[in-house]
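# Working through the structure, step by step
Chain residues, written in single-letter form:
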Amino acid sequence: MDKHQQQQQLFLAKSTRQRCNEWIFRDVPSDITMEVNGVSFALHKFPLVSRSGRIQKLVAEHRDSDMLRVELVNVPGGAESFELAAKFCYGINFEITSFNVAQLYCVSDYLEMTEEFSKDNLGSRTEEYLEIVVCKNLEMCVEVLQQCESLLPLADELKIISRCIDAIASKACAEQIASSFSRLEYSSSGRLHMNRQTKCEGDWWIEDLSVIRIDLYQRLITAMKCRGVRPESIGASLVNFAQKELTKKCSLWNPSGLTKVDLGSTDHERLVVETIIGLLPVEKLAVPISFLFGLLRSAVMLDCSISCRLDLERRIGSQLDIATLDDILIPSFRHSGDGTLFDVDTVQRILVNFSQQDDSEGDMDDESVFESDSPRSPSQTALFKVAILVDNYLAEIAPDANLKLPKFLGIAETLPEHARTIHDGLYRAIDIYLKAHPSLPDEDRKRLCKLIDFQKLSQEAGAHAAQNERLPIQSIVQVLYFEQLRLRNALCCSYPDDDHKPAVHHQSWRISSGALSAAMSPRDNYASLRRENRELKLELTRMRMRLNDLEKEHVCMKRDMVKSRSRRFMRSFSKKIGKLSLFGHSSSRGSSSPSRQSYRTDSKVIERTCASTD
């Protein structure tokens, strides 16, 4: 015991003696001295024996001694609670409150102050106050729980804690039900519904619960779950409790706090994090995903159990599509010379959980997040969002010189191929990685660039890639090839005649015709599909013939340009340009060129051919 504690105990003993001298019977000499935690009480046997069974037994053992000195060990609440019990024995009035009822309840049990020795004894009085007053009020139950922290394990054995916890859980549930009823209203059609815009006032108790010790808080939240308290309310309470507990001693909750933590002095924080992870509701979106990432950072920093961290990673993976880049930038706390700046392994495990999640899980029944027909894959919308998130994450970690290629590839290859509709973000991340790692071997560069589908690059990204010296030669050739295909397709989609519509219009026509055919009979529907199929084949054949005509005319033009540069050539050139008419009709309506006549003849042949092949 240090000097400060000794001075504090001497001060307490002195003040207790002074209070005792104020209410003790000074005109009758004391015949018993009670020693409680170093504090002496000069009292009288008769008042104590008439109320306390324990003191009665002690006095009976020493009948022959006129002056008895008794030391009481492990008195619940110490000298302060014993003083209140002694006042009760002397018939001195004092107020029972939520701040002393737990101490009085425990000391009455310790001193055996029951109805067997006196009517309306201290035990029955505290029991009555606890049942009628405390258990009817949520705030008073919380205050009693706080007092019970110093009275364990006796307060638990006497079921004071369990009664207060049940009362709080029941009260919170009743508050929510009453709040829900207050939000009910009738619509204009006369139907009863709940107004979701009205603020729910049934969760005012969340702030009060944050003062309870972690072990009692754990029991309380478990009881509230069993009582049916809303998961959102439990999640809000967990967030409030964690933020208060984890910001008391250090900056654990600050994502930017990258200083090394002394794990020997953070046992309480580790217990808090592991307990809260175990109390998280199984329902999605019961707590913000940023809070889950904050818990994960703390769990990594405090070296919490692997099971806790894996549970958090699974929960985060189930709703990764609503996460942000700042969320998944988890700092690495290994502090080794060759370590990466960010915890890439944890993010990769989260991505694996996202890709392998199961829609049919009972605890994951939020239909707004997953709408896929396949039972074990996220929806396409969620995949698109996560793909963008992953590409941004790769671009953020790519400049790290300590980031090895297998880890970069592991993150990039976690998602399926159909997750990315456009590869601009992936190309940008790979380009940053190549720039930050100039000494990367050619084989590794090829492995990186195999991730990119150059057909899915935008025009700007393709133009950049075609001139990017950091890419392998094979990749640049692919970029140029696909750019050439894109230009050729653009030319093929341009029609010389307005009566032939582009492929986009045919596609939209097919969609609309398919929607209308749903109301037809099976026979009519089949006939319509055959007719549509025949028309599509005819249109494709016409496009091939037109392309051949364009190529032939182009060859003739080049031959004439080589042979002659005269006016005659210019006149023939202008005539051929008029016949080609790539971007519009020919100016001469009455002219009927051999190519057009052959085209009409070929069209009839094509129609007969398509009809016969059907």
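Residues numbered from 1 in each chain as written. Predicted model: local features only at pLDDT ≥ 70, side-chain atom pairs only at ≥ 80, totals over all residues. Heavy atoms only, no water.

The name that an unreviewed UniProt entry assigns to the chain is NPH3 domain-containing protein, with the source organism given as Gossypium darwinii. In the Sequence similarities (unreviewed entry) part of its UniProt record, the chain is described as follows: "Belongs to the NPH3 family." Heading Pathway (unreviewed entry) of the UniProt record for the chain holds this comment: "Protein modification; protein ubiquitination." (UniProt positions renumbered as here; feature names shortened; annotations may be inferred.)

## Quick word on the overall build of the chain
The secondary structure content of the chain amounts to 27 helices and five strands. The buried share of the chain, reckoned over its 614 residues, is 42%. Within the chain, counting contacts between residues at least 6 apart in sequence, those at least 24 apart form 69% of the total. Accessible surface computed for the chain: about 35,100 Å², of which carbon and sulfur atoms make up 53%. (Helix = DSSP H or I, 4+ residues; strand = E, 2+ residues; numbered from the N terminus. Buried < 20%, exposed > 50% of the residue type's maximum accessible area, 1.4 Å probe, protein only. Contact = heavy atoms within 4.5 Å. Areas by Shrake-Rupley, 256 points an atom, 1.4 Å probe, with all protein chains shown as cover.)

## Points about the confidence of the model for the chain
Note that predicted coordinates carrying low pLDDT should not be read in detail. Here the chain averages 76 in pLDDT, while 66% of its residues score no lower than 70. In this model, residues 359–376 is a region of pLDDT below 50 whose contacts with residues beyond four sequence positions or in other chains number 37 contacts. The low-confidence segment residues 572–614 (pLDDT under 50) makes 42 contacts with residues lying over four places distant or belonging to another chain. (pLDDT = per-residue confidence, 0-100.)

## Here we look at the pattern of salt bridges
Taken as a whole, this structure holds 15 salt bridges when the rule is applied. The residue Arg420 makes a salt bridge to Asp391 at a minimum N-O spacing of 3.0 Å. Of this pair, Arg420 sits in the loop between helix H19 (405–412) and helix H20 (424–436) while Asp391 sits in helix H18 (residues 380–397), and the two are 29 residues apart along the sequence. The partner of Asp444 in a salt bridge is Arg447, and the shortest N-O contact between them spans 3.9 Å. Of this pair, Asp444 and Arg447 both sit in helix H21 (residues 442–449), three residues apart, which is roughly one turn of that helix. Arg447 sits in the partly exposed class, given a relative accessible area of 43%. Connected through salt bridges with shared partners, the residues Glu127, Glu131 and Arg163 form a single ionic network. (Salt bridge = Lys/Arg side-chain N within 4 Å of Asp/Glu carboxyl O.)

## Notes on the packing of aromatic side chains
Under the defined criterion, the tally for this structure stands at four aromatic pairs. The ring of Tyr110 carries Arg54 above its face, with NZ or CZ at 4.0 Å from the centroid. (Phe/Tyr/Trp six-rings, centres within 6.5 Å; stacked < 30°, edge-to-face > 60°. Lys NZ or Arg CZ within 6 Å of the ring centre and 35° of its normal.)

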